[in-house]
Amino acid sequence: MAMNLRLRDDQTEALKLRADEEGVSMHAILLRAVDDYLARTAHEALVRKAAREQTAKWAELLERLR
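In every chain, residue numbers begin from 1 and rise along the written sequence. Under the rules for a predicted model, residues below a pLDDT of 70 receive no local features and side-chain atom pairs below 80 are neither given nor counted, while totals for whole chains, interfaces and linings still include all residues. Side-chain measures here rest on the full set of heavy atoms in the structure, leaving out hydrogens and waters.

## Comments concerning the overall build of the protein chain
Inference 1: Numbering goes from the N terminus for both helices and strands, where a helix is a DSSP run of H or I of at least four residues and a strand is a run of E of at least two. The secondary structure content of the protein chain amounts to 3 helices and 0 strands.
Inference 2: Start at the N end of the protein chain and walk to the C end: the helices and strands fall as α-α-α.
Inference 3: Each radius of gyration is computed over the set of C-alpha atoms, and the globule rule expresses the reference value as 2.2 Å times the number of residues to the power 0.38. In terms of C-alpha radius of gyration, the protein chain reaches 21 Å, well past the compact-globule figure of 11 Å for 66 residues.
Inference 4: With the principal axes as the frame, the protein chain shows a C-alpha extent of 60 × 25 × 20 Å.
Inference 5: Out of the 66 residues belonging to the protein chain, those deemed buried represent 5%.
Inference 6: For the protein chain, the computed accessible surface area is about 6200 Å², with 58% contributed by carbon and sulfur atoms.
Inference 7: One way to put it: in the protein chain the 12 positive side-chain charges average out to a point 8 Å from where the 12 negative ones average out. In this scheme, a residue with accessible area under 20% of its type's maximum is buried, one over 50% is exposed, and one in between is partly exposed, where area comes from a 1.4 Å probe on protein chains only. What sets the accessible areas is the Shrake-Rupley method with a 1.4 Å probe; for residues, cover comes only from the shown protein chains. Think of it this way: Lys and Arg go in the positive column, Asp and Glu in the negative one, and His and the chain ends go nowhere. By convention, charge coordinates are those of NZ in Lys, CZ in Arg, CG in Asp, or CD in Glu.

Take a look at the structure:
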């Protein structure tokens, strides 16, 4: 799917510099950034889900320990 991405001028310049330094395209850097974000937030979602499940499982004990 195609989409438009509007960056501020300073972001565009920084991205161009980084792409030149790494010898890759700006597009490649943005794809990598999206992949990194998705992986990180997926992991965070799993941790939150596990925390909710464990809190529910041990709710009675946790309440008694208060």
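## Some words on the confidence of the model for the protein chain
Inference 1: pLDDT is defined as a per-residue confidence score from the predictor, taking values between 0 and 100. Per-residue confidence for the protein chain gives a mean pLDDT of 93, with 100% of residues at or over 70.
Inference 2: The secondary structure element of the protein chain with the lowest average pLDDT is helix 3 (residues 59-65), at 89, and the one with the highest is helix 1 (residues 9-22), at 98.

## Topic: the layout of surface pockets
A water-sized probe rolled over the atoms picks out the places where empty space is left.
Inference 1: Residues are called lining when one of their atoms sits within 4 Å of a cavity or pocket point, these points coming from a 1 Å grid over the protein atoms alone, where a cavity is a set in which a 1.4 Å probe fits but cannot get out and a pocket is an open set with protein on both sides within 12 Å along at least five of seven lines. Grid points are joined across faces, edges and corners, and a volume is the space filled by probe spheres set on the points. Quantified by volume, the largest pocket comes out at close to 240 Å³.
Inference 2: Surrounding the largest pocket, Met3, Asn4, Leu5, Leu7, His27, Leu30, Leu31 and Val34 form its lining.

## Observations concerning a nonpolar patch on the surface
Inference 1: A cluster of nonpolar residues, Trp58, Leu61, Leu62 and Leu65, forms a patch on the protein surface that exposes about 400 Å² of accessible area.
Inference 2: Following the sequence through the fold, Trp58 ends up in the loop between helix 2 (26-57) and helix 3. Surface patches are defined over residues having more than 30% relative accessible area and no salt bridge, joining like charges when they lie within 9 Å and nonpolar side chains (Val, Leu, Ile, Met, Phe, Trp, Tyr) when within 5 Å. Salt bridge, as used here, is a side-chain nitrogen of Lys or Arg placed within 4 Å of a carboxyl oxygen of Asp or Glu.

## As for the packing of helix 1 against helix 2
Inference 1: Running from N to C, helix 1 and helix 2 point in directions that differ by 100°, and their axes come no closer than 9 Å. Our classification of the angle between helix 1 and helix 2 gives roughly perpendicular. Contact with helix 1, carried on its side by Leu15, Lys16, Arg18, Ala19 and Glu22, involves Met26, Ile29, Leu30 and Arg32 of helix 2 and no other residues of that element.
Inference 2: Under the convention adopted here, Pro, Cys and the residues Ala, Val, Leu, Ile, Met, Phe, Trp and Tyr are nonpolar, Asp, Glu, Lys and Arg are charged, and Gly plus all remaining residues are polar. Of the residues belonging to the contact of helix 1 with helix 2, the class tally is 5 nonpolar, no polar and 4 charged. Here, axes are lines fitted to C-alpha atoms. For helices the fit covers the stretch in contact, and angles between N-to-C directions go from 0 to 180 degrees. Roughly parallel means an angle under 35 degrees; roughly antiparallel means over 145; roughly perpendicular covers 65 to 115; every other angle is labelled oblique. Note on contacts: a residue pair qualifies if any of its non-hydrogen atoms lie within 4.5 Å across the two residues.

## Some words on the pattern of salt bridges
Inference 1: Taken as a whole and assessed by the stated rule, the structure comprises 7 salt bridges.
Inference 2: For Arg64, the salt bridge identified is with Glu60, shortest N-O distance 3.9 Å. With Arg64 and Glu60 both in helix 3, this residue pair falls 4 residues apart, about one helical turn. Note on accessibility: Arg64 and Glu60 belong to one class, exposed.

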